[in-house]
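Architecture at a glance
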Amino acid sequence: MAIFTRAPKAEPILGQNRAVAMVLGVLTWIIGLLFFFPLFWLVVNGFKEESVASSSPTLNFDPTLDRFSEVTEDSGGLLSFTEAFGNSFWIVLISTVLVMVLAIPAAYALAIRPMRKWRDILFFFISTKFLPIVGIIMPIWIIARDLDLLGTRTVLVVLYTAMNLPLAVWMLRSFFAEVPKELIEASQIDGCSLLGQIRQVILPIVAPGVAATALLCVIFAWNEFFFAIQLNPTGASTIPVWVNSQQKFQGQFLAGLSAASVLATLPVVLAGWVAQKRMIRGLAMGAIK
Amino acid sequence: MAEVRYQEASRIYPGTEEPAVNQLNLDIGDGELLVLVGPSGSGKSTALRMLAGLETVNMGSIWINEVDVTLKPPQDRDIAMVFQNYALYPSMTVGDNMGFALKQQKVPKAERAERVAEAARILDLTEYLDRKPKNLSGGQRQRVAMGRAIVRQPQVFLMDEPLSNLDAKLRVQTRTELADLQARLGVTTVYVTHDQVEAMTMGHRVAVLNFGVLQQVDAPKTLYAAPANKFVAGFIGSPAMNLFDAENVDGKPGIAGVAVPINDAVAAALKGQSLDKVSVGVRPEHLTLGTAGIEGEVTVVEELGSESFVHVRTDHRGEATNIVVRDRGETQTARGDRVKIDFDGPLHVFGEDGQRVTA
């Protein structure tokens, strides 16, 4: 998440030596740059000619947008950028909406009207994420094949919903749990229906948390590669699969691949940047502190 | 207008043995302001929440206006509640907060606005109707919470420590305003507090609870003058009543070697009880510093201006024991003085079982 956080202004901790503070500051910058460098190099490479990108690393080159136009060109038969983008867009949108529609009632129940053994239920949800996906891809593939879902957007919508649901329930539960119980009781006494209670009383309070959760679901679904390449490697696939298809079996492709990667990263970075204030507030509010 | 009745009502929290509220019997009259008071864990809030429908009644029943509401959900009880932390909806304006219940009841918008405006006028909130709760002071929030309750014109007001989040000065002021408002509206009110001064000053009647059991319910004066048992005697009154396990002094209960003046009726009632298991209580204002009586040494003098409280250390049953005596404002005593304490007023005698021995 490092790219979404803005470092607070350097202010020496009381009683700390100025020199120590400065050394720590410089060290922080070095580490930060170290992490940022690969991304920076990716962007730089995207603006190079193939031959320049493949030769010894340099910052001295004539920048060009040719790679970007090349990779986004429709190349008949193969997955094009526009198709992949459209597929990703709809799959991410629908799966995220589904996740929220399912997770909000679940989180309400777990946080506000917990049943017996609710901790076990919560743990079960998150435990589904312990399984290595590669260990379950086989049965999923067979089920998808038997349901005639291989190569469809539907299979990815279903899987991304299932993949993000535990996380969303887990996060939303902790946001909901922070709603003062008196507010819920007050709304009961005021004669609010269950739906009205969630819509008019709880959601306005947890809105930043809901936004943060939804954004995380969007990011995870947007970035997902393994399911997409296994179950839907062709025409109806998503942006990560498209990026992968920029690897060529012959010739140079580093600059083109870099340009494609930049294009794949851009929407997520933009979304994160736009939402960063809400996002940080949301994340600070609950689960992932 | 409504009467409220608790009938053998008990609440046992899951996983606990002892009931939080134990077979509570309580009748609250129409228009009455009844205060539930007790130390923390006494079950006073639980009792209120049972009436609100926020807490299951495990045994017994609760009635509002001769209707059994034991199993009814909160919204069907026609009650309004003021919470300790006010529980204002943070995303709504003051006006929307106050009109929320009416909106749920599908009251037409015009009537809603009118009733909200009326309540706002009573509570001096008119200019704040468009503000969000976070932009209000503590006292204003408290009034909004009150407003939310009165807009509904409910059968019963329930108030759960509504003043305890205010600072001391505002609390005293709001206390009077609240009592006045309740009297004007004439709505039956159940009021929970841990503050016995609040209970005494506001309640038409006060119900004292301890460990989930109702100890006594009476008018404040009666509670003060004739506490039913040792617990009530010690709980009501500030500074607290001087309360001692008695000594047997010449066949009479005594304090620090001095027999207390009991009348024949009390003496007769104590017949057969072991006198050193009997308790004797006397309020600070019913003691005087004189020339005869319990001897002791002054340890602290609390000057309050209109009166002063003199703390005297004495030897009672072989232990250093503190007695508080009320003296006049400009007391002549100071720390270290040797004084004698005389009885000057009613005594409270509690038998072996802790119950008041009535004469």
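All of these numbers come straight from a predicted model, not from anything done at the bench.

We now examine the sheet that holds strand S13 (residues 252-255) of chain B. All names here are of chain B. Ordered by their spatial adjacency, three strands build an open sheet running S12-S13-S14, and the pairing between neighbours is antiparallel. Each edge of the open sheet carries a strand with a single partner, namely strand S12 (247-249) and strand S14 (258-259). Sheet topology note: the S13/S14 ladder contains two bridges and is antiparallel. Considered in S14, the bridge of Ile255 is made with Val258.

Moving on to the packing of helix H4 (residues 81-112) of chain A against helix H9 (residues 194-223) of chain A. Residue and element names in this part refer to chain A. Direction vectors running N to C along H4 and H9 enclose 140 degrees, while the axes themselves pass 9 Å from each other. Comparing the axis directions of H4 and H9 gives the class oblique. With respect to the hand of their crossing, H4 and H9 are arranged in right-handed fashion. Facing Phe85, Ser88, Phe89, Val92, Ser95, Thr96, Val99, Met100, Ile104, Tyr108 and Ile112 of H4, the residues of H9 in contact are Leu194, Gln197, Ile198, Ile202, Leu203, Val210, Thr213, Ala214, Cys217, Val218, Ala221 and Trp222. Classifying every residue of the contact of H4 with H9 gives 18 nonpolar, five polar and no charged.

Next up on the list: helix H6 (residues 133-146) of chain A. All names here are of chain A. Between the first and last C-alpha of H6 there are 20 Å, a value that for 14 residues agrees with the 20 Å anticipated at 1.5 Å per step. At Pro139, H6 shows its strongest bend, of approximately 30 degrees. For H6, the set of buried residues is Ile137, Ile140 and Ala144. The inward-facing, buried residues of H6 contact helix H7 (153-177) and helix H10 (226-231). Looking at the residues trailing H6, positive phi occurs at Asp148, about 65 degrees.

With respect to burial, helix H8 (residues 181-189) of chain A is a largely interior element, seven of its nine residues being buried. Within the sequence span of H8 of chain A, burial applies to Leu183, Ile184, Glu185, Ala186, Ser187, Gln188 and Ile189 of chain A. Where H8 of chain A is buried, its residues meet H4 and H9 of chain A together with helix H1 (44-52), strand S6 (79-82), helix H2 (94-104) and helix H4 (138-151) of chain B. Of the residues trailing H8 of chain A, Gly191 of chain A is marked for its positive phi of about 85 degrees.

Here we take up the nonpolar core. With 65 residues, the main nonpolar core has Phe176 of chain A together with Tyr6, Leu36 and Leu158 of chain B as its most contacted residues. Of the residues forming this core, the biggest block, nine residues, is contributed by H4 of chain A. For Leu158 of chain B, the residues in contact, after removing those within four places along its chain, are Leu48, Leu51, Ala52, Ile79, Ala80, Met81, Val82 and Val190 of chain B.

Attention now goes to the side chain of Asp160 of chain B. Residue and element names in this part refer to chain B. Its place among the elements puts Asp160 in strand S7 (residues 156-160). No salt bridge is formed by the buried Asp160; the nearest opposite charge belongs to Arg49, separated by 5.7 Å. Of note is the side chain of Asp160, whose polar atom sits 3.1 Å from the side chain of Ser45. Once residues lying within four places of it in the same chain are set aside, the contact partners of Asp160 are Ser45, Leu48, Met81, Val82, Phe83, Gln84 and Val192.

Next up on the list: the interface of chain A and chain B. Counting residues at the interface gives 16 residues for chain A, matched by 22 residues for chain B. Each partner contributes to the roughly 1,600 Å² buried at the junction of chain A and chain B, and carbon and sulfur atoms together form 61% of this total. Together, Ile189, Asp190 and Gln200 of chain A form the three largest contributors to the area buried by chain A at its contact with chain B, with a combined 42%. On inspection of chain A and its partner chain B, the count reaches two salt bridges. Here Arg152 of chain B and Asp190 of chain A are joined by a salt bridge, their closest N and O atoms 3.7 Å apart. Our enumeration of links across chain A and chain B arrives at six residue pairs in polar contact (both at pLDDT 80 or more). Listing elements by their share of the side of chain A that touches chain B, those giving two or more residues are H8 and H9 of chain A.

What follows concerns the side chain of Gln104 of chain B. One can find Gln104 of chain B in helix H2. A relative accessible area of 17% places Gln104 of chain B in the buried class. When sequence neighbours within four positions are dropped, the list of residues in contact with Gln104 of chain B reads Asp190, Gly191, Cys192, Ser193 and Gln200 of chain A.

On to the domain arrangement of chain A. Quoted interface sizes are often the accessible area lost when the parts come together. Residues and elements named next belong to chain A. Split by domain assignment, chain A resolves into domain 1 (11-67) and domain 2 (76-286). Relative placement of domain 1 and domain 2: their C-alpha centres are 31 Å apart. Taken together, the contacts link 11 residues of domain 1 with nine residues of domain 2. Buried surface at the junction of domain 1 and domain 2, summed over both partners, amounts to about 820 Å²; 68% is from carbon and sulfur atoms. Of all elements in the fold, only helix H1 (18-46) and helix H2 (50-54) reach the threshold of two or more residues within the side of domain 1 that touches domain 2. Residue composition of the side of domain 1 that touches domain 2, grouped by class: three nonpolar, four polar and four charged.

This brings us to the pattern of salt bridges. Residue and element names in this part refer to chain B. Following the criterion strictly, the structure yields 16 salt bridges over all chains and no others. For Arg205, the salt bridge is made with Glu32, and the minimal N-O distance between the two is 2.5 Å. In this pair, Arg205 sits in strand S9 (residues 205-210) while Glu32 sits in the loop between strand S2 (21-28) and strand S3 (33-37), placing the two residues 173 residues apart along the sequence. Glu32 sits in the buried class, given a relative accessible area of 11%. The partner of Arg49 in a salt bridge is Glu55, and the shortest N-O contact between them spans 2.9 Å. Glu55 carries the same exposure label as Arg49, and that label is buried.

Calculation criteria
- Residues numbered from 1 in each chain as written.
- Chains lettered and ligands numbered in written order.
- Predicted model: local features only at pLDDT ≥ 70, side-chain atom pairs only at ≥ 80, totals over all residues.
- Heavy atoms only, no water.
- Pairing = 2+ DSSP bridges.
- Helix = DSSP H or I, 4+ residues; strand = E, 2+ residues; numbered from the N terminus.
- Axes fitted to C-alpha atoms, helices over the stretch in contact; angles between N-to-C directions.
- Parallel < 35°, antiparallel > 145°, perpendicular 65-115°, else oblique.
- Left-handed = near helix turned anticlockwise from the far one by under 90°.
- Contact = heavy atoms within 4.5 Å.
- Nonpolar A, V, L, I, M, F, W, Y, C, P; charged D, E, K, R; others polar.
- Expected span 1.5 Å × (residues − 1).
- Bend = angle between axes of the 7 residues up to and from the residue.
- Buried < 20%, exposed > 50% of the residue type's maximum accessible area, 1.4 Å probe, protein only.
- Core = buried A, V, L, I, M, F, W, Y, C linked by side-chain atoms within 4.5 Å.
- Lys, Arg positive; Asp, Glu negative; His and termini not counted.
- Salt bridge = Lys/Arg side-chain N within 4 Å of Asp/Glu carboxyl O.
- Polar contact = N/O pair within 3.5 Å; in protein donor to acceptor, adjacent residues only side chain to side chain.
- Buried area = accessible area lost by both parts, 1.4 Å probe.
- Domains from an automatic or database assignment.

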